[in-house]
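Tertiary structure, described
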Amino acid sequence: AQKVTQAQTEISVVEKEDVTLDCVYETRDTTYYLFWYKQPPSGELVFLIRRNSFDEQNEISGRYSWNFQKSTSSFNFTITASQVVDSAVYFCALSETGGYNKLIFGAGTRLAVHP
Amino acid sequence: EPEVTQTPSHQVTQMGQEVILRCVPISNHLYFYWYRQILGQKVEFLVSFYNNEISEKSEIFDDQFSVERPDGSNFTLKIRSTKLEDSAMYFCASRGRDGAEAFFGQGTRLTVV
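Overview of the structure. Keep in mind that this is a model prediction, so the values were computed, not measured. (Residues numbered from 1 in each chain as written. Chains lettered and ligands numbered in written order. Predicted model: local features only at pLDDT ≥ 70, side-chain atom pairs only at ≥ 80, totals over all residues. Heavy atoms only, no water.)

Brief notes about the overall build of chain A
Our working definition: Each helix is a run of DSSP H or I of at least 4 residues and each strand a run of E of at least 2, with the numbering of both proceeding from the N terminus. The globule rule used for comparison is 2.2 Å times the number of residues to the exponent 0.38, while the radius of gyration itself is calculated over C-alpha atoms. The contact definition used throughout considers only heavy atoms, calling two residues in contact when any of these lie within 4.5 Å. Every accessible area reported is derived by Shrake-Rupley at a probe size of 1.4 Å, with residue values counting cover from the shown protein chains alone.
Each helix and strand counted, chain A has zero helices and twelve strands in total. Listed N to C, the secondary structure of chain A is β-β-β-β-β-β-β-β-β-β-β-β in terms of helices and strands. The C-alpha atoms of chain A give a radius of gyration of 14 Å, which matches the 13 Å a tight globule of 115 residues would have. Taken along the three principal axes of its C-alpha coordinates, chain A extends 40 × 25 × 20 Å. Counting only contacts in chain A whose residues sit at least 6 apart along the sequence, the fraction spanning at least 24 positions is 56%. With the model as given, the accessible surface of chain A reaches about 5,400 Å², and the carbon-plus-sulfur share is 48%.

Here we look at the layout of surface pockets
Once rolled over the atoms, a probe with the size of a water molecule shows which space is left empty. In plain terms, the rule: Computed over the protein atoms alone on a 1 Å grid, cavities are sets of points where a 1.4 Å probe fits but cannot get out and pockets are open sets with protein on both sides within 12 Å along at least five of seven lines; a residue lines them when it has an atom within 4 Å of a point. Grid points are joined across faces, edges and corners, and a volume is the space filled by probe spheres set on the points. Residues are grouped as follows: Ala, Val, Leu, Ile, Met, Phe, Trp, Tyr, Cys and Pro are nonpolar; Asp, Glu, Lys and Arg are charged; every other residue, Gly included, is polar.
What the largest pocket holds in volume is close to 450 Å³. Looking at the largest pocket, it is lined by 25 residues, and the ones nearest its centre are Q39(A), V89(A), R110(A), Q37(B) and G40(B). Per-element tally for the lining of the largest pocket: the top contributor is strand β12 (residues 109–114) of chain A, with four residues. Looking at the lining of the largest pocket residue by residue, the classes come out as eleven nonpolar, eleven polar and three charged. In this model, the second largest pocket occupies a volume close to 320 Å³. Contributing to the lining of the second largest pocket are 15 residues, with L45(A), V46(A), E3(B), F103(B) and F104(B) lying nearest its centre.

A short note on the state of the cysteines
Basically, it comes down to this: By convention in this document, the label disulfide applies to cysteine sulfur atom pairs within 2.5 Å. Only protein chains enter the accessibility calculation, which uses a 1.4 Å probe; a residue whose area is less than 20% of its type maximum is buried, one above 50% is exposed, and one in between is partly exposed.
The tally for this structure, following the rule as stated, stands at two disulfides over all chains. Through a disulfide, C23(A) is tied to C92(A); the S-S separation comes to 1.9 Å. Judged by the sign of its S-S torsion, about -65 degrees, the cystine formed by C23(A) and C92(A) is left-handed. One end of the pair, C23(A), is in the loop between β3 (19–21) and β4 (24–26); the other, C92(A), is in strand β10 (residues 88–96), and 69 residues separate them in sequence. Across the pair, exposure class does not vary: C23(A) and C92(A) are buried alike. Here C23(B) pairs with C92(B) through a disulfide, and the sulfurs are 1.9 Å apart. Here the disulfide of C23(B) and C92(B) is left-handed, its torsion about the S-S bond being about -65 degrees. Residue C23(B) is located in strand β3 (residues 19–24), and its partner C92(B) is located in strand β9 (residues 88–95); the two are separated by 69 residues in the primary sequence. With a relative accessible area of 0%, C92(B) lands in the buried category.

So this is what it looks like as structure tokens:
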């Protein structure tokens, strides 16, 4: 069965600190996709990144970076030099192949960045 | 930039009433979804829709729920007889191809009183 675990319910940091959000997934498929979404206080879901199971390269986008390790079934997300605007709930999600396949979301990690 | 649009943004309804939540997916997308998020909880899959039919539905999506794509642009979720526990944020999403990211609408907050 597919499952996504985000063990950190809430994280609180002070601005400019680095913070890593953990994501562990389970799937029987050999081909799958992993995603991170941001849900700011306004409530919408904002796509951040997609990674397919064959691409284990880490990715960096500005202050954001992602570390995908198939050996540990993890897809962790690091924010460097956090800012107050990063305060949000962050969801990790898994999708198996097949275009209509649903996203399975983790429970989310609420990040609070304080000035 | 193309986006998924949902209306209304907030709906209050009395228990037992029917509600229709509306979505306009991104125009060249092929796969459509409804998800639900009860306040403070995770985002849960309800139903996926492809080629004018339901491709998968969750246990939550019982006989009280139905979806339609009546005119090739709108995608609707109907709840026939709302219950208090249907109160949640409902998100519509669409994706263009296998493995692509899903784009979400801004959500409809449904409050059943």
